[in-house]
2 protein chains.
Amino acid sequence: MTMQEKFRTIHYGIGAVGSEVLKVALQRQDIQVVGAIDTHPAKAGRELGEVLGLGRNLGINVSYDAEALLREISADVVVQATTSHMITVYPQLVQAVASEKNVITSCEELSYPWTGQAELARKLDRRAREAGVTVLGTGVNPGFVMDILPLVLTSPCQEVRSITVTRVVDTSTRRLQLQIKMGTGLSPTEFRFRVSDGSIGHVGLKESLFMIAETMGWQLDEVKESIEPILATRRWETGAFVVEKGRVAGVRQAAVAMAGNREAIRLDLQMSLGAENPHDSIVIDGKPPINLTIAGGIQGDQATAAIMVNLIPAVVKARPGLLTMRDLPFIPWWSARGWWKEVPDDQHLRVL
Amino acid sequence: MTMQEKFRTIHYGIGAVGSEVLKVALQRQDIQVVGAIDTHPAKAGRELGEVLGLGRNLGINVSYDAEALLREISADVVVQATTSHMITVYPQLVQAVASEKNVITSCEELSYPWTGQAELARKLDRRAREAGVTVLGTGVNPGFVMDILPLVLTSPCQEVRSITVTRVVDTSTRRLQLQIKMGTGLSPTEFRFRVSDGSIGHVGLKESLFMIAETMGWQLDEVKESIEPILATRRWETGAFVVEKGRVAGVRQAAVAMAGNREAIRLDLQMSLGAENPHDSIVIDGKPPINLTIAGGIQGDQATAAIMVNLIPAVVKARPGLLTMRDLPFIPWWSARGWWKEVPDDQHLRVL
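Here the structure is a predicted model, which is why all the values come from computation and not from measurement. (Residues numbered from 1 in each chain as written. Chains lettered and ligands numbered in written order. Predicted model: local features only at pLDDT ≥ 70, side-chain atom pairs only at ≥ 80, totals over all residues. Heavy atoms only, no water.)

Some words on the pattern of salt bridges
Stage number 1. Applying the stated rule across the entire model yields 32 salt bridges over all chains.
Stage number 2. Across the pair Arg192 of chain B and Glu228 of chain B runs a salt bridge, and its minimum N-O distance is 3.5 Å. Pair noted here: Arg192 of chain B is in helix H9 (residues 188-196) and Glu228 of chain B is in strand S7 (residues 222-231), with a separation of 36 residues, a long-range link.
Stage number 3. Among the residues examined, Arg192 of chain B registers a relative accessible area of 47% and is labelled partly exposed.
Stage number 4. On the basis of relative accessible area, Glu228 of chain B is assigned to the partly exposed category, the value being 40%.
Stage number 5. It is possible to trace a salt-bridge network through shared partners that takes in Arg252, Glu263, Arg266 and Asp268 of chain A. (Salt bridge = Lys/Arg side-chain N within 4 Å of Asp/Glu carboxyl O. Helix = DSSP H or I, 4+ residues; strand = E, 2+ residues; numbered from the N terminus. Buried < 20%, exposed > 50% of the residue type's maximum accessible area, 1.4 Å probe, protein only.)

Encoded structure:
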């Protein structure tokens, strides 16, 4: 980062997540949005403020030509929010890295790619190091609730035997895209078909599981994954859907890691219309044991947009390479003031 | 740290906390206890295993002469657990730093000394930098539950208006020293006298409050502290005390930070015999809001011993100077594998 006062950001992907991220970034004093990329015909070429429905112009036209824009505009970070799968997003990440810009991506598989996408991860890591930039995948899940937060909670433990995380989300209060992704309104048969082609369900449970397992140093003998439909027990009308009783209201997914006969990690995710008692819980069977509940759960859309913007200072200042959240400091958004190098004496104190 | 396989530790203070820390350290494969210091006549000169009541010898005699031991024995970290106040512990810390050893201390005021003990903090920071070592104050409270954990939870927030942390501890299940420190068994009059001379009550609320306020960048207009006795509503018999109804069963303390008319931070701590519904809670009034509860609370004695030992790798590898927990990575105990510098490719992956 140069001595400029603000972090300059280019936003790659102005879909559901990307738009929320932009709205947060535009409110920040320390961030200047300098570019936007989207290839969707309804967005490319239009004014960014108009695309976001802000009712004002931002002086930024959405570009369809990522390569040209990345080459021409200088920026500290490319904030990337397009798809969930690394193989799809890889060429976009390489473009951004080639232009010598740091990257924060919401791509779920990037939250911990070192197991599921090891070869691509190594290639991307090498390119990032060569270019001297940092690439980080993050979000609230994966990226926080089901991986970093449980790992943070092990710091006061003498021993940890198992980690169980449960997240129950009521999708009736969430964005349409999430409802679609959870198979809302499908018949159970359609659901199974769409699961088999990978177009529905949450991506990231395995990534969270591997981040926990490999950080804990646990040798796993087996990893089991499951996905089941949750069927509507009554008729639902949402803004976009009418879901008859007996059709799909959402998804229940689990990823379980066995170490011998021990269930070392269980990640359980339920996302459905009207899910009862929405919450996040983290149970550490350890010494001491830790049994934590977040009432209502952390609101995913708001939180993912926030965490992506909050991590900008940390990513700009971190070492080059493909990082994951576990490489970052306790308070990444504070790290702009310097967590890994000398801090001038006068920055320690604030007159109260 | 040299290329040796284990972290070598010297333990300064073998009281309630120090003994627990030693018991945890002695179980770790990656730690070698190489020295112990205590000036108490019942401990100095005796064999460490005997002092700890292990029923076996460790080949280490407890030394009363800190300076000589620190000079003669090479070690990576001095784990220091003597008193709560920085002014008392300062000469001991300077001794350790002068011997070019990193320090982890349970001294509560060291958890965030930059406001309450700014001058001593600057001096210690300068000495640590000159000696090329790191000094860190930590524990479960202060150091985790009421400061770092709430700060970690702000990462997924777009806005934070206030942070409220409540910790309710049932001291009937805790160590005798803690019960004494909470005024257990005193009359209300004795309690007030002992509060005024600073010999009872929890130390660290202000430190937690200032760590939060200064990290959030909040300009405070007023900081209020209070301490009140909690009186026994029935007769209590513990292992050490008989507490008649109407006498002191524990303490309720609060530290509140005002920013204008806004209560920006409230830290509320209740520690008493038979406290109902022991728990830790963190409420962030923000976007999104976060409302977290740890059922039963995090067991303090076990957790403080664990966190002090778990932080050894991070403190050995961190930059020189007087650090606080907010300078450390999300998963400090993992940091031995390298969070701030290049990690060899082959360390990313673990064959499962």
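Alright, that's what it looks like, and here's the rest.
A short note on the interface of chain A and chain B
You'll often see interface size given as the accessible area lost when the parts meet.
Stage number 1. At the junction of the two partners, chain A supplies 72 residues and chain B supplies 72 residues.
Stage number 2. Both sides of the chain A and chain B interface together cover about 6700 Å² of buried area, and 57% of this is carbon and sulfur.
Stage number 3. Taken together, the links from chain A to chain B amount to 15 residue pairs in polar contact (both at pLDDT 80 or more).
Stage number 4. Those elements that place two or more of their residues in the side of chain A that touches chain B are helix H5 (113-116), helix H6 (118-131), helix H7 (148-152), helix H10 (205-216), strand S13 (290-295) and helix H11 (300-310) of chain A.
Stage number 5. Classifying every residue of the side of chain A that touches chain B by side-chain character gives 42 nonpolar, 14 polar and 16 charged.
Stage number 6. Summarising the sheet, S13 of chain A and strand S13 (residues 290-295) of chain B pair through 3 bridges and their orientation is antiparallel. (Contact = heavy atoms within 4.5 Å. Buried area = accessible area lost by both parts, 1.4 Å probe. Polar contact = N/O pair within 3.5 Å; in protein donor to acceptor, adjacent residues only side chain to side chain. Nonpolar A, V, L, I, M, F, W, Y, C, P; charged D, E, K, R; others polar. Pairing = 2+ DSSP bridges.)

Brief notes about the pairing of strand S10 (residues 248-259) of chain A
All names here are of chain A.
Stage number 1. Counted residue by residue, S10 has 11 buried out of 12 residues, so it is predominantly covered.
Stage number 2. In the sheet, strand S7 (residues 222-231) pairs with S10 via 10 bridges, with the strands oriented antiparallel. Considered in S10, the bridge of Ile230 is made with Gly250.

Observations regarding the packing of helix H1 (residues 16-26) of chain A against H11 of chain A
Residues and elements named next belong to chain A.
Stage number 1. As a packed pair, H1 and H11 sit with axes 8 Å apart at the nearest point and diverge in direction by 55 degrees. In terms of orientation, H1 lies oblique with respect to H11. Between H1 and H11 lies a crossing whose hand is right-handed. Contacts between H1 and H11 involve Val17, Glu20, Val21, Val24 and Ala25 on the former and, on the latter, Thr304, Ala305, Met308 and Val309.
Stage number 2. Of the residues in the contact of H1 with H11, the class split is 7 nonpolar, 1 polar and 1 charged. (Axes fitted to C-alpha atoms, helices over the stretch in contact; angles between N-to-C directions. Parallel < 35°, antiparallel > 145°, perpendicular 65-115°, else oblique. Left-handed = near helix turned anticlockwise from the far one by under 90°.)

Overview of the sheet that holds strand S4 (residues 102-105) of chain B
All names here are of chain B.
Stage number 1. In space, the 6 strands of this open sheet follow the order S2-S1-S3-S4-S5-S14, with parallel pairing throughout. Two strands lie at the open edges of the sheet, namely strand S2 (31-37) and strand S14 (321-323), each paired on one side alone. Mean inter-strand twist for the sheet, computed between neighbouring axes without regard to direction, equals 20 degrees.
Stage number 2. Where strand S1 (residues 7-12) and S2 come together, 6 bridges link them in parallel fashion. Looking at S2, one finds that His11 is bridged to Ala36.

In short, shape yes, function no, at least from these values alone.
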